Amino acid sequence: MTTARNDTANTRQDDLLAHVYQQVIDAQAEQYAAAWDATAGLARFTDWLRDHPAADLDADQAVARLYSRHYQPLVRLAAMLVRDTTTAEDVVQDAFIAMHGAWPRLRDAENALAYLRQAVVNRSRSVLRHQMVADNNQPETPPDTPSGEHGTFELLERSAVIAALRGLPQRQREAIVLWYYADLSENEIAAAMGISRGAVRSHTARGLPAFRAALEQAASQSAPPGDSEHGPSDP
Amino acid sequence: MSADKIPKDHAAELGDCFAAHARGLFGYACALTRGDQALADDLVQSTFVAAARQWPTMRGLCQAQRLRWLQTTIGHLAVSGFRHNGALAERLPRLEAVSRPPPADTHAQAISGIALERCWQVIQALPPQQHAVAVMRWLLAMTNSQIAAGLGLADGTVAAHLSAVRGKLKAALGPYDPFGTEDGPAS
């Protein structure tokens, strides 16, 4: 009798026992339900509803406020981490849904924003992991689908930035995006990435020179000749 | 306490939800607690308090999904009562989880009423810890290590409890003989 064999046998048994348990409990529940005092029960719950402070019930409004204020910035943040706006929007919407579910634990807007950022970073990571697998199987990737609200210039500039970011290792890219484009403090970046402040510092320190070099290279390629003096050479 | 701040429509919806599901949940909680009606009443209240806190999200679910969430929640609250510090009560099922379809019923074959009655007697006679472990495993579909963490037991203890309950239920099921011969020469 090997352990593996026991496990297989137990899994088979467990399916059945779950079924047995459900049937037994359901049958008993039906009998016990007859003893339910509906009037007293409802009165007790209604009293609770009446006495309870509304603070626990205002998730809808709080989430709506967070949504109107932070949706677009978070999409831009996600777009820096993943490859296209559509995916970024999905990532952010997922993060909002998860945050809404977690609201009873979060309870205030500041916690919620930190939660959202972390959710966006985590979900972007898993999107990238998934894309990597998909890319390996299907080398032809569809082109980025720009959303209609972005101007052409902004799009061009951003695609250069995104191309430069894409050349960086993932953690360096995240640290730089959160620092430069989301304008977060070191503490907030550390929380969003789930790493220490020291690690944040070392990721930004290593990522920045490479990022600048890539941007400069892109600028010199696209800039018209003779315009190079306005290039990004400031410290 | 500013009672009037509760959105009226939420309170009304919660009242409707309570009226629709409380009776069934009470019966379910009685069965889980093996007949403790006062405790079951408390569990029903706690479950709907939890539902009220999640209502902004829950109100978007259909009735079947709400019921599944309520049942899972009352199950978690019931088993958390088996541990003194009630640690499980803080980890209510996530709302996303209830949108999953229910698992396919692979045992459509009806078990006889007599066998079910014998099983209930077995369940009623289980020591509290074995009962807790069995409910968590087979009603709440938790893994052995989740159960161990939830009850503060060693993994091996959970496995031993489950194996003891399996043996007792197997005997109670009798001629239904669900486990066939592949089970090997049992010890």
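Note: the structure precedes this text.
Residues numbered from 1 in each chain as written. Chains lettered and ligands numbered in written order. Predicted model: local features only at pLDDT ≥ 70, side-chain atom pairs only at ≥ 80, totals over all residues. Heavy atoms only, no water.

Right, let's talk about the overall build of chain A for a bit. Each helix and strand in chain A was counted, giving 9 helices and 0 strands. Start at the N end of chain A and walk to the C end: the helices and strands fall as α-α-α-α-α-α-α-α-α. When the 235 residues of chain A are sorted by exposure, 39% land in the buried category. Long-range contacts, defined as pairs at least 24 residues apart, comprise 65% of the intrachain contacts of chain A with a sequence gap of at least 6. (Helix = DSSP H or I, 4+ residues; strand = E, 2+ residues; numbered from the N terminus. Buried < 20%, exposed > 50% of the residue type's maximum accessible area, 1.4 Å probe, protein only. Contact = heavy atoms within 4.5 Å.)

Glancing now at the overall build of chain B. The secondary structure content of chain B amounts to 8 helices and 0 strands. Helices and strands appear in chain B in the N-to-C order α-α-α-α-α-α-α-α. Long-range contacts, defined as pairs at least 24 residues apart, comprise 66% of the intrachain contacts of chain B with a sequence gap of at least 6. If you sum the accessible surface of chain B, you get close to 8900 Å²; carbon and sulfur atoms cover 55% of it. (Areas by Shrake-Rupley, 256 points an atom, 1.4 Å probe, with all protein chains shown as cover.)

Residue and element names in this part refer to chain A. Scanning the entire structure with this criterion turns up 7 salt bridges over all chains. One salt bridge connects Arg 125 with Glu 174, and the closest N-O pair in it is separated by 2.8 Å. Taken as a pair, Arg 125 in helix α5 (residues 109-137) and Glu 174 in helix α7 (residues 170-181) lie far apart in primary sequence, 49 residues in all. Take Arg 125 and Glu 174: they sit in the same class, and that class is buried. The salt bridge involving Glu 186 is made with Arg 201; its shortest N-O contact spans 3.2 Å. Taken together, the residues span a long stretch of sequence, with Glu 186 in helix α8 (residues 186-193) and Arg 201 in helix α9 (residues 197-222) at a distance of 15 residues. (Salt bridge = Lys/Arg side-chain N within 4 Å of Asp/Glu carboxyl O.)

As enumerated under the stated definition, the model contains 10 aromatic pairs over all chains in all. Both rings, one in Tyr21(A) and one in Trp138(B), keep their centres 5.6 Å apart while their planes meet at 45°; by these two values the pair is tilted. Taken together, the residues Tyr21(A) in helix α1 (residues 3-33) and Trp138(B) in helix α6 (residues 128-139) connect one chain to another. Of the residues examined, Tyr21(A) reaches a relative accessible area of 0% and is grouped as buried. On the accessibility criterion, Trp138(B) (2% relative accessible area) is buried. With centroids separated by 4.9 Å and ring planes inclined at 10°, the aromatic side chains of Phe45(A) and Phe18(B) adopt a geometry described as stacked. Of the two residues, Phe45(A) is situated in helix α2 (residues 38-51) and Phe18(B) in helix α1 (residues 8-32); the pairing between them involves two chains. (Phe/Tyr/Trp six-rings, centres within 6.5 Å; stacked < 30°, edge-to-face > 60°.)

Our focus in this paragraph is unusual backbone geometry. Residues and elements named next belong to chain B. Non-glycine residue Arg 34 carries a positive phi angle of around 60°. On the secondary structure map, Arg 34 appears in the loop between α1 and α2 (37-53). Located in the positive-phi region is Ala 141, a residue other than glycine, with phi close to 55°. Tracing the sequence through the fold places Ala 141 in the loop between α6 and α7 (144-151). For Ala 141, a relative accessible area of 62% translates into the label exposed.

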